[in-house]
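# Understanding the architecture of this molecule
The lines below spell out each chain.
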Amino acid sequence: MAEEVDVVVVGSCMTDLVSQTPRLPKAGETIHGHKFFIGFGGKGANQCVQAAHLGAKTAMVCKVGKDFFGSSYIQNFKDNSICTAFVTQTAEAMTGAASIIVNDAGENAIVIVAGANMLLGEEELEQARSVLTKAKVLLCQLEVNSHISLQALRMARQYNVKTIFNPAPAIPDLHPDFYKESDVFCCNESEAELLTGARVASADDAGSAGLELLNRGCAAVIITLGSQGCVVLQTSNPNPKHIPTAKVTPVDTTGAGDSFLGALAFYMAHYPSLPLEEMSRRANLVAAVSVQSVGTQTSYPFKKDLAEELFLKE
Ligand SMILES: Nc1ncnc2c1ncn2[C@@H]1O[C@H](COP(=O)(O)OP(=O)(O)OP(=O)(O)O)[C@@H](O)[C@H]1O
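Model, not experiment: these values are computed from the prediction.

## Focus on the packing of aromatic side chains
Scanning the entire structure with this criterion turns up ten aromatic pairs. Here F40 and Y73 contribute two aromatic rings whose centre-to-centre distance is 4.9 Å and whose plane-to-plane angle is 70°, an arrangement assigned as edge-to-face. Placement of the pair is F40 in strand β3 (residues 35-41) and Y73 in helix α2 (residues 68-79), with a sequence separation of 33 residues. A relative accessible area of 0% places Y73 in the buried class.

## Describing the site of the ligand
Near the ligand, the surroundings consist of 19 residues, among which T224, G226, G229, T253 and N284 are the closest. Within the backbone of T253, a nitrogen or oxygen atom sits 2.9 Å from an oxygen atom of the ligand. Considering the ligand on its own, with 630 Å² of exposed area, one finds that the protein chains cover 82% of that surface. Counting residues per element, the ones that place at least two in the shell around the ligand are α9 (256-270) and α10 (276-290). Among the elements that line the shell around the ligand, the one with the most residues is α10, at three residues. Considered class by class, the residues forming the shell around the ligand number eight nonpolar, eleven polar and no charged.

## Points about the side chain of Q47
Examined against the element boundaries, Q47 turns out to sit in helix α1 (residues 43-54). Note on Q47: relative accessible area 0%, which makes it buried. Reaching out from Q47, the side chain makes a polar contact with the side chain of D258 at a distance of 2.9 Å.

## So, helix α5 (residues 146-158)
Between its first and last C-alpha, α5 extends 19 Å over 13 residues, near the 18 Å set by a 1.5 Å rise per residue. Residues of α5 that are buried make contact with β1 (7-10), α3 (122-127), α4 (129-132), β8 (137-140), β9 (162-165) and α6 (177-180). Count one or two residues on from α5 and you reach N160, which has phi positive near 60°.

Calculation notes
Residues numbered from 1 in each chain as written. Predicted model: local features only at pLDDT ≥ 70, side-chain atom pairs only at ≥ 80, totals over all residues. Heavy atoms only, no water. Phe/Tyr/Trp six-rings, centres within 6.5 Å; stacked < 30°, edge-to-face > 60°. Helix = DSSP H or I, 4+ residues; strand = E, 2+ residues; numbered from the N terminus. Buried < 20%, exposed > 50% of the residue type's maximum accessible area, 1.4 Å probe, protein only. Near = heavy atom within 4 Å. Polar contact = N/O pair within 3.5 Å; in protein donor to acceptor, adjacent residues only side chain to side chain. Areas by Shrake-Rupley, 256 points an atom, 1.4 Å probe, with all protein chains shown as cover. Nonpolar A, V, L, I, M, F, W, Y, C, P; charged D, E, K, R; others polar. Expected span 1.5 Å × (residues − 1). Contact = heavy atoms within 4.5 Å.

Written as structure tokens, this is what we have:
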């Protein structure tokens, strides 16, 4: 099993509990909503699911609660052909959950309880060592303890596994080694702003912020720009390259960034000789499909839904 995995994600799982209401309740108030649904989310799991939908052999290293949500999440991974050998269940905390209220105007109020995600520890990383050090790509974010993400990146790098780090949700005092351990450091505009202190409102701004991040020691930087696609910079070619995405009518952009990252991991694992700009162009097009339907993981396209040109060797 371990030898077969292309993409390993060390990261989070969250159950989204979504209520749709006419308006957001005030403190102490009870109101009636008109719809409730449960979704599978969490940045780590989302990215893993997108990579799997494109055909990558994936494994998730994460922790869920010994509860109904944790067991359902494990089944969700299995349904998406993701290896669950390194998904552990704990009785010490509940599965991570996001309680989301969305009003008719599309505004929301969200409470996230990271729960079991924060209990993912060094022991679980050690148990996953065999798979993590033999994979082609490791993908990490910041929805688990940051020292676990950093340790996973270090472990992968020692074995020449390509690393993608997504500093989300962003923290202002990011450990400097995160840059050095990243083959690709990929963030969105607001994360780039927080990390550099500079405003990022255009592709040009993203180029300048990207250069600053690149100078902190990563091999490449990608800043995603929503409907404007992304900007790519590499130490081998530090001139920022703006890569536009498809012009589409978005229906729900939730999780677009995770779709992009999952797709990028797939391309780095399956087509390692493609230039990073070309991988980013294709990841843009995959994410552009995801914004055209509702939901997060449920909006992520499969290989069969996409143009053949996205799977050409060059
Ligand atoms: N309106 C859009 N039209 C086309 N592509 C889009 C659109 N929004 C997002 N994308 C695609 O998704 C990628 C990631 O989007 P974005 O930069 O908004 O990430 P994000 O802010 O992390 O998203 P989210 O927080 O919603 O997951 C973009 O680089 C682009 O390829």
